[in-house]
Amino acid sequence: MSNQLIDGFGRHITYVRLSVTDRCDLRCRYCMSEKMQFVPRNELLSLSELADLSAILIGRGVRRIRLTGGEPLVRRNILKLVEDIGAHIGQGLDEVTLTTNGTQLGAMAQPLYDAGVRRVNVSLDSLKPEQFRMITRNGDLAQVLAGLDAAGQAGLKVKINMVALKGMNEDEIEPMLRWCGAQGHELTLIEAMPLGETGEDRTDHYMPLDAVRDTLARQHMLVPTLHRTGGPARYYDVPELGTRIGFITPHSNNFCTGCNRIRITATGTVFGCLGQDQQIDLRDIMRSEGVDGVNRILDAVMIAKPKGHDFDIGTNRPAVARHMSVTGG
Ligand code: SAM
Ligand code: SF4
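The following refers to the structure shown. (Residues numbered from 1 in each chain as written. Chains lettered and ligands numbered in written order. Predicted model: local features only at pLDDT ≥ 70, side-chain atom pairs only at ≥ 80, totals over all residues. Heavy atoms only, no water.)

## A closer look at the overall build of the protein chain
Next up, step 1: When helices and strands are tallied, the protein chain shows 9 helices and 12 strands.
Next up, step 2: Taken over C-alpha atoms, the radius of gyration comes to 19 Å for the protein chain, in line with the 20 Å a tight globule of 329 residues would show.
Next up, step 3: Taking the principal axes of the C-alpha coordinates as reference, the protein chain spans close to 55 × 40 × 40 Å.
Next up, step 4: Looking at the protein chain alone, contacts between residues at least 24 apart form 72% of all its contacts between residues at least 6 apart.
Next up, step 5: Accessible area for the protein chain stands at about 13900 Å²; split by element, carbon and sulfur atoms hold 50% of it.
Next up, step 6: Where the 38 positive side-chain charges of the protein chain centre and where its 39 negative ones centre are 2 Å apart. (Helix = DSSP H or I, 4+ residues; strand = E, 2+ residues; numbered from the N terminus. Rg over C-alpha atoms; globule rule 2.2 N^0.38 Å. Contact = heavy atoms within 4.5 Å. Areas by Shrake-Rupley, 256 points an atom, 1.4 Å probe, with all protein chains shown as cover. Lys, Arg positive; Asp, Glu negative; His and termini not counted. Charge placed at Lys NZ, Arg CZ, Asp CG, Glu CD.)

## Let's talk about the site of ligand 2
Next up, step 1: In the vicinity of ligand 2, the contacting residues are Cys24, Leu26, Arg27, Cys28, Cys31, Met32, Gly70 and Asn101.
Next up, step 2: Residues that form the shell around ligand 2 fall into these classes: 5 nonpolar, 2 polar and 1 charged. (Near = heavy atom within 4 Å. Nonpolar A, V, L, I, M, F, W, Y, C, P; charged D, E, K, R; others polar.)

## Some points on helix H4 (residues 129-136)
Next up, step 1: Taken residue by residue, H4 has Phe132, Ile135 and Thr136 as its buried positions. Here the buried residues of H4 occupy an arc of 85° about the axis, which is enough to place them on one side.
Next up, step 2: If you follow the buried residues of H4, they end up packed against helix H5 (141-154).
Next up, step 3: Arg137, located one to two residues past H4, shows a positive phi value of around 50°. (Buried < 20%, exposed > 50% of the residue type's maximum accessible area, 1.4 Å probe, protein only. Arc of directions from axis to C-beta.)

## A word on the nonpolar core
As a rule of thumb, nonpolar side chains are buried together in soluble globular proteins.
Next up, step 1: Counting 90 residues, the largest nonpolar core has Leu67, Leu189 and Ile245 as the members making the most contacts within it.
Next up, step 2: Ranked by residue count, the leading element in this core is helix H1 (residues 47-59), at 7 residues.
Next up, step 3: If we ignore the near neighbours within four places in the chain, the residues touching Ile245 are Leu177, Leu187, Leu189, Leu216, Leu222, Arg234, Tyr235, Tyr236 and Val238. (Core = buried A, V, L, I, M, F, W, Y, C linked by side-chain atoms within 4.5 Å.)

## Re the site of ligand 1
Next up, step 1: The environment of ligand 1 is made up of 19 residues, and the closest members are Tyr30, Gly70, Thr99, Ser123 and Met193.
Next up, step 2: In the model, an oxygen atom of ligand 1 is placed 3.3 Å from a nitrogen or oxygen of the Asn161 side chain.
Next up, step 3: Burial of ligand 1 by the protein chains amounts to 96% of its free accessible area of 540 Å².
Next up, step 4: The set of elements that each furnish at least two residues to the shell around ligand 1 consists of strand E3 (95-100), strand E5 (157-164) and strand E6 (186-191).
Next up, step 5: A per-class count over the shell around ligand 1 returns 7 nonpolar, 9 polar and 3 charged. (Polar contact = N/O pair within 3.5 Å; in protein donor to acceptor, adjacent residues only side chain to side chain.)

## Re the sheet that holds strand E10 (residues 261-264)
Next up, step 1: With mixed pairing, the 12 strands of this open sheet are ordered in space as E7-E8-E9-E6-E5-E4-E3-E2-E1-E10-E11-E12. Taken across any chain shown, the strands that pair with only one partner, and hence form the sheet edges, are strand E7 (223-225) and strand E12 (279-281). On average, each strand axis in the sheet is tilted by 25° relative to the strand beside it, whichever way the strands run. (Pairing = 2+ DSSP bridges. Axes fitted to C-alpha atoms, helices over the stretch in contact; angles between N-to-C directions.)

## Description of unusual backbone geometry
The bulk of non-glycine residues show a negative phi, and the bulk of peptide bonds are trans.
Next up, step 1: Positive phi, normally seen in glycine, also occurs at Asn77, with a value near 60°.
Next up, step 2: When you line up the elements, Asn77 lands in the loop between strand E2 (64-68) and helix H2 (78-86).
Next up, step 3: Phi at Asn138 takes a positive value of approximately 120°, unusual for a residue other than glycine.

## Describing the pairing of E5
Next up, step 1: With respect to burial, E5 is a largely interior element, 7 of its 8 residues being buried.
Next up, step 2: Where strand E4 (residues 119-123) meets E5, 5 bridges bridge the pair, whose relative direction is parallel. Within the sheet, the bridge partner assigned to Val120 lies in E5 and is Val158.

And the structure:
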């Protein structure tokens with residue numbers, strides 16, 4: 001019998017997003033509330049447990065692992081985990097990547113490259129210092145730009161993630177695309193998703209990306225491409241700017257039929273879907289039963305993985321109570 005991870009809808013799971021912490025040094029308005037309560041550190045999987053879990057997942061056919069959070073680079077000694085996972089590249093694993101807010105890249109870009117990372121997604125919602133500070137509730141744009149420079153020098157390919165927010169950064173989308181072209185980065189635009197209470201009304205800032213794409217297409221030639229990165233984005237080449245733009249549109253374009261992923265939180269809870277509450281804990285079973293227990297849980301996740309999300313941005317009610325910082329982006 002195949003040991004591959006195939007769910008009840010025949011979808012082959014080859015991609016895992018592994019959250020290594022729910023903590024963060026920023027407090028983006030669409031992601032967290034200002035006074036977030038974080039999980040006590042003693043409830044987290046240890047770095048060696050995360051490395052063991054990664055090895056089991058790779059043995060079950062997972063080819064890509066993306067570390068996320070919270071902010072993955074604020075987890076102490078995170079480079080050790082990246083090195084341990086990176087050692088599987090070429091032996092079942094195609095790549096280890098991470099999604100980061102970029103604040104720690106100044107010091108960490110080169111060690112990440114040395115550990116096997118070749119590309120990173122960096123979240124950046126504004127190139128205006130005041131606006132960046134407002135959206136992140138106190139972030140320092142210069143620190144992130146210095147991190148991006150370090151990433152470039154280390155040889156890391158960068159994709160910028162930008163959450164499109166009406167009234168906050170809608171005027172910066174086209175300039176961000178041009179800036180990405182000039183810097184050699186790609187850009188992915190994301191629709192805000194209703195995950196967790198943030199103390200803000202998301203319906204005020206929701207922007208359907210179909211309309212954004214139409215506006216951009218009037219300014220630049222957008223050439224549809226079949227380029228895929230294992231994620232849900234749909235891409236267009238922008239030849240005149242020498243870059244590519246992706247759109248992640250959970251509302252205006254449901255992407256669930258091609259879903260190839262599961263998410264695991266820093267405490268070892270496996271989620272079959274970002275937008276559903278279906279979840280199975282593996283930490284205690286991993287500790288008491290080891291590899292066999294983890295495999296049993298993964299099989300149960302395959303049976304239970306939901307068909308798709310049912311986000312409804314028309315209401316201000318979160319689709320699920322947990323924040324994006326718990327399961328990672
Ligand atoms: N801290 C890292 C960062 O910001 O890149 C990694 C974790 S963050 C939760 C991952 C991605 O999720 C980021 O690109 C962020 O912009 C996005 N994100 C967070 N909350 C979101 C929400 N409610 N809707 C859509 N995207 C969200
Ligand atoms: Fe932190 Fe990333 Fe959430 Fe912003 S989006 S608060 S950087 S976890």
